[in-house]
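This is what each chain is made of:
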Amino acid sequence: MAPILEIIDLKKTFPGVKAVDGVSFSIEPGICFGLLGPNGAGKTTTIEIIEGILKPDSGRILYRNQKRGKTFKEEVGIQFQNTELPQYLTVFETLKAFRTLYTRKAKLDWIVDVCSLTEILDRDNRKISGGQKQRLLLAIALTNDPELIILDEPTTGLDPQARRHLWDIVNGIKQSGRTIILTTHYMEEAEILCDNIAIMDYGKIIDKDSPKNLLARYGEGATISIKSETPEKIINAVSCNVYMVDDTIEIHTDSLNECIQNLAHAGADLSNMTVRTPNLEDVFLKLTGHTLRA
Amino acid sequence: MLKRIWIIFLSRNREFYRDRSGFGWNIIFPFFIIIGFSLIFNQNERSEYKIGVVGGENNIKKEISLQYNNFRKSKFIEFLHIESIESGKEKLGHHRIDMLIDPEHGVYWKSESSPKSYHAEKILQAGYYQPGKESFIAGTVEGREIPYIEWLFPGVLGMNMMFSALFGVGYAVVRDRKNGVLKRLSVTPLVPFEFLTAHIMSRMFVLFITTSVVYAGCFLIYGFENRGSYFSLILIFSLGGFSMISLALIIAARSSSEEFAGGALNLLSWPMMLLSEVWFSLEGARPWVKNVAQLFPLTHLTDGVRKIMNDGASLYDIRYHIIVLTAMSVLFLAAGSILFRWRKAD
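For clarity, every value in this text was computed on a predicted model and none was experimentally measured.

Moving on: the overall build of chain A. A tally of regular secondary structure across chain A gives eleven helices and 14 strands. Along the three orthogonal principal directions, the C-alpha set of chain A runs to about 70 × 45 × 40 Å. For chain A, the proportion of its 294 residues judged to be buried stands at 39%. When contacts within chain A are restricted to residue pairs at least 6 apart in sequence, those whose partners lie at least 24 apart make up 71%.

Here it is, written out as structure tokens:
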């Protein structure tokens, strides 16, 4: 199937920083494409170049096999990372105002229903919660009934409940056949929502594939997590990859039994130990050598 | 395109009237100024007077020379040379001077409605008086004199328009750029021309409503009259408002710092307020000050409105102000549009 969006060798430099350094990827229609990376990896710069806010130094962007034309703004829905809403307007007035700016229009009832806004329609924008605000910003991104929706870290700063609510909404939008580009640094979010993922760091794409294939490729073995007051003892006991993630030691090993025996011989306190199969966070650690939220 | 302009226009208006404090301030502030100043002048608080002196001071009438010299030594009084009695009376009638005096013939003229003129007369009389001795005699000003409040009113209205236009547009656009609202709008089909047009229309609408309310309120309180046509008045107010909104758009074209915008707007508004003859006449001021004042749209708005309201001037009579305000509007709007950016600089 022909890609809905194709990014070819995109480069963007800010004074002293190569923000995007030869990024290329393509997105098939109807999927949720995740752009993963820590803060400063170049995700937002890449997204803003696609949105037309920033001009690239070089590279090409093809939308439906053509350069983005005047109709691109009509066909794309965008939710920024940090945006305030117009003051003194209600949720309904805000939706209506943004909808009027487009020739293409989604049905208001559908937007309100999909984004669960019915109960707050008459509320002033200044009086809605963080989760409600993100849902409204997502609803604004849907007002033009877009083919392609770009969501830049839509759940950052939300509590777990609000985050899960937004995931349900994004899943619902995905079911309607629209293409979604999602940037995030939450691995769980990417695993749940994304069909394909590109992992970015220092302005480059390190690898890209489906979460399943990435895990198969890089996620052999197991991850042991230990909270310990004597991390040196643990680090010296094992010969495999060891990372500090916040206050927890994470050991990636292909020989689980041998690793645990070594830890026990070294006298490490294993009472707080957990063992799990690798996830995308582990894949990222393996690929970049540092954590996503570093 | 019209739908997009209309919806931004509506949104801006809603923001304005739902911001109760801002809305109330726009309506109430000019009332406070007018009422406050009328009270201040009734309580004889002012201490600075401008006296127009007609003719030379070489041939002062002998009988009143001591009185005149004492008057000239008084503090807080500025003496200005006036070419002729007729121009002096005209300036007196329009409160550009507080008293006209002709020392050669021992005559003075005062304004009947001006508290400052009353005080100046008292100071002159106190300078020297002996029963039976000759002193200055009071002349009469022929024709209609403009009540002081009617001279003050156009300036206060103009000043209120200036603050509303500069801060209402300049500050709002900068705030929306800072918090990302403009960035969000930039990825919609809305183009800068539509956005700026909607902002100008919305603020013109606000200015029209608030100015009408204040005009009607002051008309009811003070009962003054407009001696010119209302069409002329609306036209000059519209041009003045438009030019000052356009000026605000230059300030708001790129900045995302409310502090910078606030400083820049104050830098514009304060000199305009002081030099555009809102509160006091620039009669006797140095030529360069008068020339600088000509660069301000508020000067032309205030002067034009005064000529219409106070003198019944026609559009032809105030063509200079109309041409200047139109030219300023076009210049400022073009500059503001060219400089405009949706988002803050990287």
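Resuming the write-up.
The secondary structure content of chain B amounts to 13 helices and five strands. Taken across its 346 residues, chain B has 43% of its residues classed as buried. In chain B, 82% of the contacts between residues at least 6 apart in sequence involve partners at least 24 apart.

Here we take up the environment of B:I245. Residue and element names in this part refer to chain B. Position of I245 relative to the elements: it lies in helix α9 (residues 230-251). Here I245 falls in the buried class, since 30 other C-beta atoms lie within 10 Å of it. Here I245 is in contact with A165, V169, I200, R203 and M204, once residues within four sequence places are set aside.

Another point: the packing of α9(B) against helix α13 (residues 319-339) of chain B. Residue and element names in this part refer to chain B. It is at 8 Å that the axes of α9 and α13 come closest, and there the two elements cross at 25°. As the angle between them shows, α9 and α13 are arranged roughly parallel. The element α9 and its partner α13 pack so that their crossing is left-handed. Between α9 and α13, the contacting residues are I236, L239, G240, F242, S243, S246, L247, L249 and I250 on the first element and H321, I322, L325, T326, M328, S329, F332, L333, A335, G336 and L339 on the second.

To continue, consider the nonpolar core. Core analysis: the biggest nonpolar cluster contains 129 residues, and A:A139, A:I150, A:I180, B:A165, B:A248, B:L249 and B:A252 have the highest contact counts within it. The greatest single-element share of this core, amounting to 14 residues, is contributed by helix α6 (residues 148-178) of chain B. Beyond its immediate sequence surroundings of up to four residues, A:A139 is in contact with A:L95, A:I111, A:C115 and A:L117. Formed by 17 residues, the second largest nonpolar core is a distinct cluster that contains B:V54, B:Y68, B:I97 and B:F136.

On to the pairing of strand β3 (residues 32-36) of chain A, then. Every regular strand shows the same layout, with side chains that alternate between the two sheet faces. Residue and element names in this part refer to chain A. Where burial is concerned, most of β3 is hidden: five out of the five residues are buried. Where β3 meets strand β8 (residues 179-184), five bridges bridge the pair, whose relative direction is parallel. Looking across to β8, one finds that L36 is bridged to T184. Bridge count for β3 against strand β9 (residues 196-201) is four bridges, and the pairing is parallel. Each residue of the ladder has a partner; that of L35, found in β9, is A198.

Right, let's get into helix α1 (residues 43-51) of chain A. Residues and elements named next belong to chain A. Burial analysis of α1 places nine of its nine residues in the buried class, which makes it a mostly covered element. Within the sequence span of α1, burial applies to K43, T44, T45, T46, I47, E48, I49, I50 and E51. Among the residues trailing α1, G52 stands out with phi positive, at a value near 95°.

Our focus in this paragraph is the sheet that holds strand β5 (residues 137-138) of chain B. Adjacent strands of a sheet form backbone hydrogen bonds with each other and so pair up, either parallel or antiparallel. Residue and element names in this part refer to chain B. Ordered by their spatial adjacency, five strands build an open sheet running β2-β1-β3-β4-β5, and the pairing between neighbours is mixed. In this open sheet, the two strands that pair with only one neighbour each are β2 (77-82) and β5. Pairing analysis gives three bridges linking strand β1 (residues 49-54) to strand β3 (residues 99-102), with the strands arranged parallel. Bridge pairing in β3 places G52 opposite L100. Docked against the sheet, helix α4 (residues 85-93) engages β1, β2, β3 and β4 (107-110), running at close to 165° with respect to β1.

For the rest of this paragraph, the subject is the confidence of the model for chain B. All names here are of chain B. Residues with a pLDDT of 70 or more make up 89% of chain B, whose mean pLDDT is 82. Across chain B, α9 holds the top mean pLDDT of 93, while helix α2 (residues 20-42) sits lowest at 65. Low pLDDT (under 50) marks residues 43-47, which in the prediction has six contacts with non-local residues, meaning those over four places away or in another chain. Two numbers describe this predicted complex: its pTM, 0.72, and its ipTM, 0.78.

For residues that are not glycine, phi is negative in most cases, and the peptide bond is trans in most cases. Residue and element names in this part refer to chain A. With a phi close to 50°, D9 is a non-glycine residue in the positive phi region. In this structure, D9 sits in strand β1 (residues 5-14). Backbone geometry at E153 places phi at a positive 45°, although glycine is not the residue there. Among the structural elements, E153 can be located in the loop between β7 (148-152) and α6 (160-175). With 22 C-beta atoms packed within 10 Å, E153 lands in the buried category.

A few words now on the sheet that holds β1(A). Residue and element names in this part refer to chain A. Taken in spatial order, the four strands of this open sheet run β2-β1-β4-β5, and their pairing is antiparallel. The outermost strands of the open sheet, each flanked by one partner alone, are β2 (17-27) and β5 (66-67). The sheet contact formed by β1 and strand β4 (residues 58-63) spans five bridges and is antiparallel. If you follow L5 over to β4, its bridge partner there is Y63. Packed on one face of the sheet, α1 meets β1, β2 and β4 and runs near 60° to β2.

We now examine the interface of chain B and chain A. Contact residues are listed per partner, giving 20 residues for chain B and 21 residues for chain A. Of all the elements in the fold, those that place two or more residues in the side of chain B that touches chain A are α1 (2-18) and α7 (181-186) of chain B. The class makeup of the residues in the side of chain B that touches chain A is five nonpolar, five polar and ten charged.

Here the focus is the environment of B:H321. All names here are of chain B. Tracing the backbone through its elements, the reader meets H321 in helix α13. When the C-alpha positions of H321 and I236 are compared, they lie 8.3 Å apart, and in sequence the two are 85 residues distant. H321 has contacts with I236, H300, D303 and G304, leaving out every residue within four places of it along the chain.

Here we come to the packing of α6(B) against α9(B). Residues and elements named next belong to chain B. For the pair α6 and α9, interaxial distance at closest approach is 8 Å and the crossing angle is 35°. Of the two elements, α6 crosses α9, and the hand of that crossing is right-handed. Residues G158, M161, M162, A165, L166, V169 and G170 of α6 form the contact with α9, whose participating residues are G240, G241, M244, I245, L247, A248, L249 and I251. Of the residues in the contact of α6 with α9, the class split is eleven nonpolar, four polar and no charged.

This part takes up the environment of B:H199. Residues and elements named next belong to chain B. Mapping H199 onto the fold places it in helix α8 (residues 192-222). Judged by the 23 C-beta atoms lying within 10 Å of it, H199 falls in the buried class. Sequence spacing of H199 and V173 is 26 residues, and the spatial spacing of their C-alpha atoms is 8.8 Å. Beyond its immediate stretch of four places on either side in the chain, H199 contacts R12, V169 and V173.

What counts and what doesn't
- Here the residue numbering is sequential within each chain, running from 1 through the sequence in written order.
- Working convention: letters from A go to chains and numbers from 1 go to ligands, in the order in which they are written.
- For this predicted model, a pLDDT threshold of at least 70 governs which residues receive local features, and a threshold of 80 or more governs which side-chain atom pairs are given and counted, while totals over whole chains, interfaces and linings are taken from all residues.
- Comment: elements are numbered from the N terminus, with helices defined as DSSP H or I runs of at least four residues and strands as E runs of at least two.
- Around each residue's C-beta, the other C-beta atoms within 10 Å are counted; 20 or more make the residue buried, 12 or fewer make it exposed, and counts in between make it partly exposed. All C-beta atoms are placed from the backbone.
- Here, residues touch in the contact sense if the C-beta positions derived from the backbone fall within 7 Å of one another.
- Interaxial angles span 0 to 180 degrees and are taken between N-to-C directions of axes, which are lines fitted to C-alpha atoms, for helices over the stretch in contact.
- Orientation labels follow simple angle bins: below 35 degrees gives roughly parallel, above 145 gives roughly antiparallel, 65 to 115 gives roughly perpendicular, and whatever is left gives oblique.
- For a crossing to be left-handed, the near helix must be turned anticlockwise from the far one by less than a right angle; the clockwise case is right-handed.
- Any set of buried Ala, Val, Leu, Ile, Met, Phe, Trp, Tyr and Cys residues joined through C-beta atoms within 7 Å is what this text calls a nonpolar core.
- Should DSSP find at least two bridges between two strands, the strands are regarded as paired.
- A score from 0 to 100, pLDDT tells how confident the predictor is in each residue.
- Nonpolar residues are Ala, Val, Leu, Ile, Met, Phe, Trp, Tyr, Cys and Pro. Charged residues are Asp, Glu, Lys and Arg, and all others, Gly as well, are polar.

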